[in-house]
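Per-entry structural report
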Amino acid sequence: MRAKHRAVSGGLTFRLTLILLIVAALGMTVMGLYITRVLETYSTENFKSDLVKEARLIQDDIASALMKETRLGAGQALAERYGAKLKVRITIIAPDGTVVGDSERTSQEVLMMENHASRPEVASALAGLVGSDLRRSRTLNAAMLYVAVPLKNGQQIKGALRLALPMTELAAVSASIRTTVAIGALLAVGVALMVGLFLSRRVTRPVVEMQTIATRMAGGEFSHRLPVAGTDEIAELGHGLNLLASRLQEKIQDLEGERAKVATILAEVQRLERVRTEFVANVSHELRTPLTVIKGYLETLLDETPAQPETHRRFLEVAYTHASRLSRLVDDLLELSNLETGKALLKLSAVDVHGAADEIVAMFEKKAAHKNLALRNETPSSLLARADRDRLSQIIVNLVDNAVKYTPEGGTVTIGGAHRPDQFVAVWVSDTGAGIPPSDMPRLTERFYRVDKARSRELGGTGLGLAIVKHLVQAHGGELVIESDLGKGTTVSFTLAADL
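Residues numbered from 1 in each chain as written. Predicted model: local features only at pLDDT ≥ 70, side-chain atom pairs only at ≥ 80, totals over all residues. Heavy atoms only, no water.

1. Focus: the overall build of the chain
So the rule is basically this: To qualify as a helix, a DSSP run of H or I must reach at least 4 residues; to qualify as a strand, a run of E must reach at least 2; elements of each kind are numbered from the N terminus. The cut-offs for exposure are 20% and 50% of the maximum accessible area for each residue type, with area from a 1.4 Å probe on protein chains only; residues under the lower value are buried, those over the upper are exposed, and the others partly exposed. In this analysis, two residues are considered to be in contact whenever any of their non-hydrogen atoms come within 4.5 Å of each other.
What the chain contains, in helices and strands, is twelve helices and twelve strands. Within the span of the chain, comprising 500 residues, buried residues form 39% of the whole. Long-range contacts, defined here as pairs at least 24 residues apart, represent 66% of the contacts in the chain between residues at least 6 apart.

Here it is, written out as structure tokens:
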């Protein structure tokens, strides 16, 4: 009887253990497949969303460029240029499905590429929609994620722009997830084998807790952890589940981090695109106005007879004024370009800041007196800086010129300076003008940025003065600070290394 009892007990234990093993294996497999699928889908959608955003950023530029440039090979040049910038494969497709440019192929290879009109993503784009597909590229023999958007001229579709990204990173993440899930599953199955040997309430209670945690993990909640006590097999199973949850949570956090990085990159691309657009528009506007005036006055002079020399002289003076403004603008642009590219060389020496300020006060004395302004030099006579004297004078001239221009009659403009305890000297120019609105402060040193655009042009400014000042100060290893109170005035200060 005892032998029979042991046999029945052993058979029951075996059957229960086998059931537990089967259930555990199936549960972990389903959970692993579900989690893997969810994470792979999540990653794919993130990549797809990022590609769509990048395509949206450049589709108008490419469509416009194709409309302007009709020569053979224009599409290939655009594909190569934007592909190098975005680090993705870019394909430009004509309305009939012919490939006119591919950043991963040569011009000769593009001519031999098959018609893409039947590709799912291209067909959607040519229909005016955003298309996408995930498949193996027959051209590159690699798994690729494709996203395509239409290229439009108004409401007319002129082609399609397709972006493609190899799925190597997604494949690596998927492999890591599968490995982690497999390790967790093996641990869980090993522990389940031991659970079958202890059919007791002490064993079933933690199993129920584990089931709860596993259900939460299957639902995407990876922050919960199983309280583990002891060193038996059930505890090992708990450790295994916690390890699985930790690794999956880390992978999700990694994916979120990558997503944040991509979002940051896209934001920076958008910012640079905005700056580029504004710069082109500003340069065009600044050049157009004086050129239009000069052209108009010269045409008038050419069409009229020289019977009125006074009128001719006045016209020539106006044309000369605008030509001078144009010359200043070009000079400032060249100066700024040299500073930004590091071509401007500094000749450092011990500079008497007080003496340099005296010269600038004398330079602006007549202009200040015309507006009844008090122009003062309050820099200490012992203030010595390690600087390029001409460049230092250029900085102060720009700042004093701005202060004199924008300070109303009867105001005060002051050049000040002081030693600092950190082996630097500070120099500043302050005025009692109307001040600058807080909303304009962050952009003051941008090229062509003006607080009062119409008034700035009337006063002869190019909009590049503060940008040049900023780069000159940075070239000296200093820092530029602008402080302003509306209705009280503005102080622009900068630092230079002290001459010890």
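Once the structure has been displayed, the description carries forward.
2. Comments concerning unusual backbone geometry
Phi at Asn 372 takes a positive value of approximately 60°, unusual for a residue other than glycine. Mapped onto the fold, Asn 372 is located in the loop between helix H9 (353–370) and strand S7 (374–378). Here Asn 372 falls in the exposed class, since its relative accessible area comes to 56%. With a phi close to 65°, Gln 423 is a non-glycine residue in the positive phi region.

3. Examining the side chain of Arg 89
The criterion, for reference: N or O atoms within 3.5 Å of each other form a polar contact, as long as, within protein, one can give a hydrogen and the other can take it, and as long as residues adjacent in sequence are counted only when both atoms are side-chain atoms.
As for its position among the elements, Arg 89 is in strand S1 (residues 89–93). A distance of 2.8 Å separates the side chain of Arg 89 from the side chain of Asp 102, its partner in a polar contact.

4. Digging into the packing of aromatic side chains
Definition in use: Pairs were defined over the aromatic rings of Phe, Tyr and Trp, the Trp ring being its six-membered one, requiring ring centres within 6.5 Å. Orientation was assigned from the angle between planes: stacked under 30 degrees, edge-to-face over 60, tilted for the rest. Whether a charge sits over a ring comes down to the Lys NZ or Arg CZ being within 6 Å of the ring centre and within 35 degrees of the ring normal.
Enumeration over the complete set of coordinates arrives at zero aromatic pairs. Its guanidinium or amino end placed over the ring of Tyr 146, Arg 135 lies 4.2 Å from that ring's centre, counting from NZ or CZ.

5. So, the confidence of the model for the chain
Applicable threshold: The pLDDT value tells you how sure the predictor is about a given residue, anywhere from 0 up to 100.
Of all residues in the chain, 71% have pLDDT values of 70 or greater, and the mean over the chain is 78. Confidence, read as mean pLDDT per element, is least for helix H11 (residues 453–458) in the chain (48) and greatest for strand S10 (residues 424–431) (96). Throughout residues 1–10 the model reports pLDDT below 50, and contacts reaching past four residues in sequence, or to other chains, amount to zero contacts.

6. A closer look at the pairing of strand S4 (residues 143–153)
Convention followed: Two strands are said to pair when DSSP picks up at least two bridges between them.
Among the eleven residues of S4, eight are classified as buried, and the element is accordingly described as predominantly covered. The pairing of strand S3 (residues 131–136) with S4 spans six bridges and is antiparallel. Note that in S4 the partner of Gly 131 across the bridge is Ala 148. Hairpin geometry of S4 and strand S5 (residues 156–166) is characterised by an intervening segment of two residues between the two adjacent antiparallel strands and by a positive phi of about 70° at Gly 154.

7. Quick notes on the packing of H9 against helix H10 (residues 389–406)
In plain terms, the rule: Simply put, an axis is a line fit to the C-alpha atoms, just over the touching stretch for a helix, and the angle between two N-to-C directions goes from 0 to 180 degrees. Here the angle decides the label: under 35 degrees means roughly parallel, over 145 means roughly antiparallel, 65 to 115 means roughly perpendicular, and every other value means oblique. Here is the rule for handedness: rotate from the far helix to the near one, and if that takes an anticlockwise turn smaller than a right angle the crossing is left-handed, while a clockwise turn gives right-handed. Charged residues are taken to be Asp, Glu, Lys and Arg, nonpolar residues to be Ala, Val, Leu, Ile, Met, Phe, Trp, Tyr, Cys and Pro, and polar residues to be all remaining types, Gly included.
For the pair H9 and H10, interaxial distance at closest approach is 10 Å and the crossing angle is 40°. Between H9 and H10, the interaxial angle falls into the category oblique. Relative to H10, H9 is oriented so that their crossing is right-handed. From H9, Val 353, Gly 355, Ala 356, Glu 359, Ile 360, Met 363, Phe 364 and Lys 367 reach across to H10, where they touch Arg 389, Leu 392, Ser 393, Ile 396, Val 397, Val 400, Asp 401, Val 404 and Lys 405. A per-class count over the contact of H9 with H10 returns ten nonpolar, two polar and five charged.

8. A word on the sheet that holds S5
Across the sheet, five strands lie side by side as S2-S1-S5-S4-S3; this open sheet has antiparallel pairing. Of all strands in the sheet, those with a lone pairing partner are strand S2 (99–102) and S3, marking the two edges. Neighbouring strand axes in the sheet, compared pairwise and without regard to direction, differ in orientation by 20° on average.

9. Some thoughts on the nonpolar core
Basically, it comes down to this: By nonpolar core is meant a set of buried Ala, Val, Leu, Ile, Met, Phe, Trp, Tyr and Cys residues that side-chain atoms within 4.5 Å join together.
Residues Ile 396, Leu 399, Val 400 and Phe 494 are the most contacted members of the largest nonpolar core, which totals 38 residues. Elements with a contribution of two residues or more to this core: H9, strand S8 (384–388), H10, strand S9 (412–419), S10, helix H12 (465–475), strand S11 (480–485) and strand S12 (489–497). With seven residues, H10 is the largest single contributor of residues to this core. Residues contacting Leu 399, with those up to four places away along its chain left out, are Val 429, Leu 466, Val 469, Val 492 and Phe 494. Ranked by size, the runner-up nonpolar core spans 23 residues in total, among them Ile 58, Val 149, Leu 161 and Met 167.

10. A closer look at the pairing of S7
Burial of the side chains of S7 is restricted to one face: Leu 375 and Asn 377 are buried, whereas none of Ala 374, Arg 376 and Glu 378 on the reverse face is. In the sheet, S7 pairs with S9 via five bridges, with the strands oriented parallel. Each residue of the ladder has a partner; that of Asn 377, found in S9, is Ile 415.

11. Some details on the sheet that holds S10
Here five strands make up an open sheet; going across it, the order is S7-S9-S10-S12-S11 and the pairing mixed. One side of each edge strand has no neighbouring strand; the edge strands of this open sheet are S7 and S11. The sheet shows a mean angle of 15° between the axes of neighbouring strands, direction not considered. Against the sheet, H10 engages S7, S9, S10 and S12, with an angle of about 175° to S12. Each of S11 and S12 is contacted by H12, which is oriented at about 135° to S11, the strand it contacts most.

12. What to know about a nonpolar patch on the surface
Spelled out, the test is: Only residues whose relative accessible area exceeds 30% and that form no salt bridge enter a patch; like-charged residues are grouped when within 9 Å of one another, and nonpolar side chains (Val, Leu, Ile, Met, Phe, Trp, Tyr) when within 5 Å. Per-residue and other accessible areas follow the Shrake-Rupley method at a 1.4 Å probe size, with only the shown protein chains counted as cover for residues. Counted as salt bridges are all cases of a side-chain nitrogen of Lys or Arg within 4 Å of a carboxyl oxygen of Asp or Glu.
On the surface, a cluster of nonpolar side chains totalling about 210 Å² of accessible area is made up of Ile 183, Leu 187 and Leu 243. Within the element layout of this structure, Leu 243 appears in helix H7 (residues 233–303). Taking the relative accessible area as the measure of exposure, Leu 243 reaches 34% and is therefore partly exposed.

13. Quick look at the pattern of salt bridges
Where charged atoms from two side chains of opposite charge approach closely, those side chains can pair. The final tally for this structure, using the stated rule, is 13 salt bridges. Among the ionic pairs, Glu 109 bridges to Arg 105, the shortest N-O distance being 3.6 Å. Notably, a salt bridge pairs Lys 261 with Glu 258, separated by 3.8 Å at the nearest N-O pair. Residue Lys 261 and its partner Glu 258 are both found in helix H7; the two are separated by three residues, about one turn of the helix. Taking the relative accessible area as the measure of exposure, Lys 261 reaches 51% and is therefore exposed. Overlapping salt bridges, with partners in common, bring together Glu 121, Asp 133, Arg 135 and Arg 162 in one network.

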